[in-house]
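Residues per chain are reported as follows:
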Amino acid sequence: MKPAEASLPSNTEVLVKRSFDASAKLVWRAYMEPDLMRRWCGSTPGWSMPVCEMDMRVGGQYRWRWRSDEDGMEFGFTGEVLVIVPHAKIVHTQVFDPGNMGVSMGGEPSIITVTFDEIDGITNVATTIKYASQADRDAALETGMTDGMEMNYKRLDEMLAVIKKEKVS
């Protein structure tokens, strides 16, 4: 699949679009199930994801934490699930926890909206991140987050291919 495309629809938003060669139902599962999330979002080379706690229902909480294998540096995100539309949409808050990384992406929660749109077996995922301010958005972009998202999306491609092959076998 083509790499993720990032754009800035407003002075407080980042929009990242990516397509996956899998059904919306399968891509949805990858976002909703902690064991699957850890396989694609927690396997960046040199990093582990020791915490991937997710209660993916309206009002549920989540907590994700990554750790550098090299120096033990950590960061994470926490938030609350606001909207769930099965196989179509997830909306949640997101608060950056800098851990011991010494970086900031602002202290106010962001609102993350992820949509899933399947056309002919290809699922188009659009992730809109709405920050509290332009300064928060710019600080997040400076971390290289969109490059990190694409690295994880490549792992998601690989994981989806394996799951699809297992179902065929």
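Structural data are supplied above this passage.
Bear in mind that the values here come from a model prediction, so they are computed numbers and not experimental data.

(A) The packing of aromatic side chains, seen in detail. Under the criterion given, the structure shown has 13 aromatic pairs. A ring pair is formed by tryptophan 28 and phenylalanine 116, whose centres lie 5.4 Å apart and whose planes are at 75 degrees; its orientation type is edge-to-face. A residue pair is termed long-range when its members are at least 10 positions apart, and tryptophan 28 in helix α1 (residues 24-32) and phenylalanine 116 in strand β7 (residues 110-119) qualify at 88 residues. Assigned by exposure class, tryptophan 28 and phenylalanine 116 land together as buried. Between tyrosine 31 and phenylalanine 116, the ring centres sit 5.1 Å apart and the planes meet at 85 degrees, which makes this aromatic pair edge-to-face.

(B) Structural view of the pairing of strand β3 (residues 47-54). Alignment of β3 against strand β4 (residues 61-68), held across six bridges, turns out to be antiparallel. Residue pairing in the sheet places glutamate 53 in a bridge with arginine 63 of β4. Here β3 folds back onto β4, and the loop between the two strands holds six residues, one of which, glycine 59, carries a positive phi near 90 degrees.

(C) Representation of the environment of proline 3 within the structure. Note on placement: proline 3 falls in the segment before β1 (5-7). The exposed category is assigned to proline 3, whose relative accessible area is 53%. With 15 residues separating them along the chain, proline 3 and arginine 18 place their C-alpha atoms 6.8 Å apart. Not counting chain neighbours up to four residues away, the residues in contact with proline 3 comprise Arg18 and Glu150.

(D) Spatial organisation of the pattern of salt bridges. Scanning all chains against the criterion turns up 10 salt bridges. Residues glutamate 74 and arginine 67 are paired through a salt bridge, measuring 2.4 Å at the closest nitrogen-oxygen approach. For glutamate 74, a relative accessible area of 14% translates into the label buried. Salt-bridge contacts for arginine 137 lead to aspartate 138; the nearest nitrogen and oxygen are separated by 2.8 Å. Relative accessible area serves as the criterion here: at 26%, aspartate 138 is assigned to the partly exposed category. Through salt bridges with shared partners, a single network forms among Arg65, Arg67, Glu74 and Asp97.

(E) Molecular detail of helix α2 (residues 34-41). The complete set of buried residues in α2 reads Leu36, Met37, Trp40 and Cys41. End-on view of α2: buried residues confined to an arc of 105 degrees, all on one side of the axis.

Calculation notes
Residues numbered from 1 in each chain as written. Predicted model: local features only at pLDDT ≥ 70, side-chain atom pairs only at ≥ 80, totals over all residues. Heavy atoms only, no water. Phe/Tyr/Trp six-rings, centres within 6.5 Å; stacked < 30°, edge-to-face > 60°. Helix = DSSP H or I, 4+ residues; strand = E, 2+ residues; numbered from the N terminus. Buried < 20%, exposed > 50% of the residue type's maximum accessible area, 1.4 Å probe, protein only. Pairing = 2+ DSSP bridges. Contact = heavy atoms within 4.5 Å. Salt bridge = Lys/Arg side-chain N within 4 Å of Asp/Glu carboxyl O. Arc of directions from axis to C-beta.

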